[in-house]
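Remarks on the overall topology
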Amino acid sequence: MNTDICIIGAGPAGMAVAIAASAAGASVVAVDSNSAPGKKLLITGSGRCNVTHNCSVAEFLRACEPFDRFLRHCIYEFSPADLIALLVGLGVETKTEGSGLVFPVSDRASDINNSLFDNAKSLGAKFIFGSKIDSAKKTDSGFLIESGDKKIDCQSLIIATGGSSWPQTGSDGSGYRIAEAFDHKIISPTACLVRLMTVEKWPADIAGAAAANVRVSAKISGKKISSTGPMIFTHDGIGGPAVLDFSREILNSDQCFPLDITIDFQPNTNDNDFQRLILEAALRYPKKEVSFLLADMMPISLARKICQMAGCEKVVSSQLTKQLRKNLIENVRHLPLKIKSARPLSEATITRGGVDNAEINPLTMGSNLCQNLFFAGEIINADGPCGGYNLQFAFSSGTLAGKNAAKV
Ligand SMILES: Cc1cc2nc3c(=O)[nH]c(=O)nc-3n(C[C@H](O)[C@H](O)[C@H](O)COP(=O)(O)OP(=O)(O)OC[C@H]3O[C@@H](n4cnc5c(N)ncnc54)[C@H](O)[C@@H]3O)c2cc1C
């Protein structure tokens, strides 16, 4: 089979390449080891797909530090506003939630996946499923890609095979071997945006208890690190967006574990205001247990656990002494936990590491080492926090790679 462009991987990045390159008039074949496109895309945002972040390009880039310089051109070329416009043009209306999280109005990731796949096919892109590519070779005219008895000759090759987290979705790290064969350096893949395990066992007692907005903080080598957002207690520690973002900040710090952290369940107030709030509530409900006073702020199981740690588990509000109040404030605003480690890479939302972005031209997504070879998406060592940044990067880098590969 002959084609202008061959894409390995039909996830969000691969589909974006297929759309951009086909729209530019190139013949495109995308190959994926799964039986259908976007297996990981379908599980994003718990099946709702937080497809991008509704913000300016400058804000987007700031959130993605330290990769902002590498991402700059591709995000300007295909911004969150461009992605939303593309989806709306394909019939997928979007909505913005919270701090800027964009979802399809239907809350169905499959609507995003189907619309992109249908768009790529309608532009003429061909897809081959159930075919895992193990290697690709440079030839005089371009590249030869082989899988079993299938051979594809192409002028340009795009590797969009994802990272190596959640390997059951197809992103098993095999793309790294293909890139290495073209002399690309692979920065050791590590877990990013990942749940953290605590030394303390008590989180298991309240597994599933979630708080809508917390601040997770720690000091590493004298530098204060913190993240805010929702969190959840798990059977062996903590998770949720605030924790995943926090993991992104700490995992590059050498020997960061064991790590002492604190959680503030009232990050938008200060100790004095919080104390006033508690005193007023105690006056209003003198006969209620202290945990009841926290019930507006957090799930009751968490409120009871905090009261237990503050020594006021069975205490009624009228008996809340100054010392107990102090303990309570301490535990609500500065709850201490010791992190022993992160969950493994296979469970991480994102892979940090992969193809060294220093060997990729950020203006084209083309390889600096091999002519007409391009990369797109999570295979590249570049990532952002929770909130739609990583899918946007997959779409932006895919669009840029597709446009430039079509020029070959
Ligand atoms: C549980 C979970 C939830 C997430 N939620 C969000 C979210 O809400 N918002 C967000 O922005 N990001 C989210 N992400 C991250 C997001 O899914 C990734 O950033 C995105 O999927 C990366 O796209 P990609 O196309 O680069 O890689 P992938 O989506 O991993 O696609 C790569 C494709 O390549 C194929 N492939 C791999 N190797 C080969 C090979 N050798 N031969 C043939 N085919 C191959 C795979 O089968 C796969 O289909 C989430 C991730 C996870 C795990």
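Residues numbered from 1 in each chain as written. Predicted model: local features only at pLDDT ≥ 70, side-chain atom pairs only at ≥ 80, totals over all residues.

Here we look at the overall build of the chain
Helix and strand counts for the chain stand at twelve helices and 20 strands. Its C-alpha atoms put the chain at 85 × 45 × 35 Å along the principal axes. Taking all 408 residues of the chain together, 46% fall into the buried category. Sequence-distant contacts, at least 24 apart, represent 72% of the contacts inside the chain between residues at least 6 apart. (Helix = DSSP H or I, 4+ residues; strand = E, 2+ residues; numbered from the N terminus. Buried ≥ 20, exposed ≤ 12 C-beta atoms within 10 Å, placed from the backbone. Contact = placed C-beta atoms within 7 Å.)

A look at the site of the ligand
Around the ligand lies a shell of 40 residues, among which Gly9, Gly11, Gly162, Gly170 and Gly377 are the nearest. Among the elements that line the shell around the ligand, the one with the most residues is helix α12 (residues 389–405), at four residues. Here the residues of the shell around the ligand are counted per class, giving 15 nonpolar, 20 polar and five charged. (Near = placed C-beta within 6 Å. Nonpolar A, V, L, I, M, F, W, Y, C, P; charged D, E, K, R; others polar.)

Focus on the sheet that holds strand β12 (residues 210–220)
Pairing is antiparallel in the closed barrel, where six strands are placed in the order β11-β14-β13-β12-β15-β16. The average undirected angle you get between the axes of adjacent strands in this sheet is 50°. Relative to strand β14 (residues 237–239), strand β11 (residues 196–198) runs antiparallel, the two being bridged by two bridges. Across the sheet, Leu196 pairs through a bridge with Ile238, a residue of β14. Lying on the sheet, helix α7 (residues 241–250) is in contact with β11, β12, β13 (223–234), β14, β15 (259–264) and β16 (335–342); it crosses β13 at an angle near 145°. (Pairing = 2+ DSSP bridges. Axes fitted to C-alpha atoms, helices over the stretch in contact; angles between N-to-C directions.)

Focus on the domain arrangement of the chain
According to the domain assignment, the chain consists of domain 1 (2–191 + 350–405), domain 2 (196–267 + 336–342) and domain 3 (271–333). Between the C-alpha centres of domain 2 and domain 3 there is a distance of 23 Å. If you look at the interface, domain 2 gives nine residues, while domain 3 gives nine residues. Classifying every residue of the side of domain 2 that touches domain 3 by side-chain character gives six nonpolar, one polar and two charged. (Domains from an automatic or database assignment.)

Brief notes about the sheet that holds strand β4 (residues 94–97)
The antiparallel open sheet is built from three strands, whose spatial order is β3-β5-β4. In the strand order of this sheet, the two ends are held by β3 (52–53) and β4, each with one partner. With four bridges connecting them, β4 and strand β5 (residues 101–104) associate as antiparallel partners. Within β5, the residue paired with Lys95 across the bridge is Phe103.

Description of the pairing of strand β17 (residues 350–355)
Working note: regular strand, side chains alternate between the two faces of the sheet. Taking burial as the measure, the six residues of β17 include five buried ones, the bulk of the element. As defined by bridge partners, strand β10 (residues 186–192) adjoins β17 across five bridges and the pair is classed as antiparallel. Counted as the bridge partner of Ile187 is Gly354 from β17.

With respect to the environment of Phe233
Residue position: Phe233 is located in strand β13. Sequence-wise, Phe233 and Ala207 are 26 residues apart; in three dimensions their C-alpha atoms are separated by 4.9 Å. Beyond its immediate stretch of four places on either side in the chain, Phe233 contacts Pro203, Ile206, Ala207, Ala209 and Ile238.

Details of the environment of Glu289
With respect to the helices, strands and loops of the structure, Glu289 is situated in the loop between α8 (271–284) and α9 (290–293). Apart from residues no more than four positions distant in its own chain, Glu289 is found in contact with Lys314, Val315 and Val316.

Details of the nonpolar core
Counting 73 residues, the largest nonpolar core has Val17 and Ile158 as the members making the most contacts within it. Aside from chain neighbours lying at most four places away, what touches Val17 is Ile7, Ile158, Ala160, Ala376, Gly398, Ala401 and Gly402. Listed in part, the 40 residues of the second largest apolar core include Phe246, Leu294, Leu337 and Leu345. (Core = buried A, V, L, I, M, F, W, Y, C linked by C-beta atoms within 7 Å.)

Digging into unusual backbone geometry
Residue Pro66 follows Glu65 across a cis peptide bond; omega there is 10°. Mapping Pro66 onto the fold places it in the loop between α2 (57–63) and α3 (68–77). Note the cis peptide between Phe257 and Pro258, where omega equals -5°. Along the chain, Pro258 turns up in the loop between α7 and β15. Despite not being glycine, Asp183 has its phi angle at roughly 70°, a positive value. Summarising the element assignment, Asp183 is placed in the loop between α6 (174–180) and β10. Judged by the 10 C-beta atoms lying within 10 Å of it, Asp183 is exposed. The backbone phi angle of Ser221 is positive, close to 50°, even though this residue is not glycine. Relative to the helices and strands, Ser221 resides in the loop between β12 and β13.

A look at the packing of helix α1 (residues 12–23) against helix α5 (residues 109–122)
The geometry of α1 relative to α5 is characterised by a closest axis approach of 9 Å and an angle of 35° between their N-to-C directions. When the axes of α1 and α5 are compared, the crossing they make is left-handed. Residues Met15, Ala18, Ile19 and Ser22 of α1 lie in contact with α5, whose contacting residues are Leu116, Phe117, Asn119 and Ala120. Per-class residue counts for the contact of α1 with α5 are six nonpolar, two polar and no charged. (Left-handed = near helix turned anticlockwise from the far one by under 90°.)

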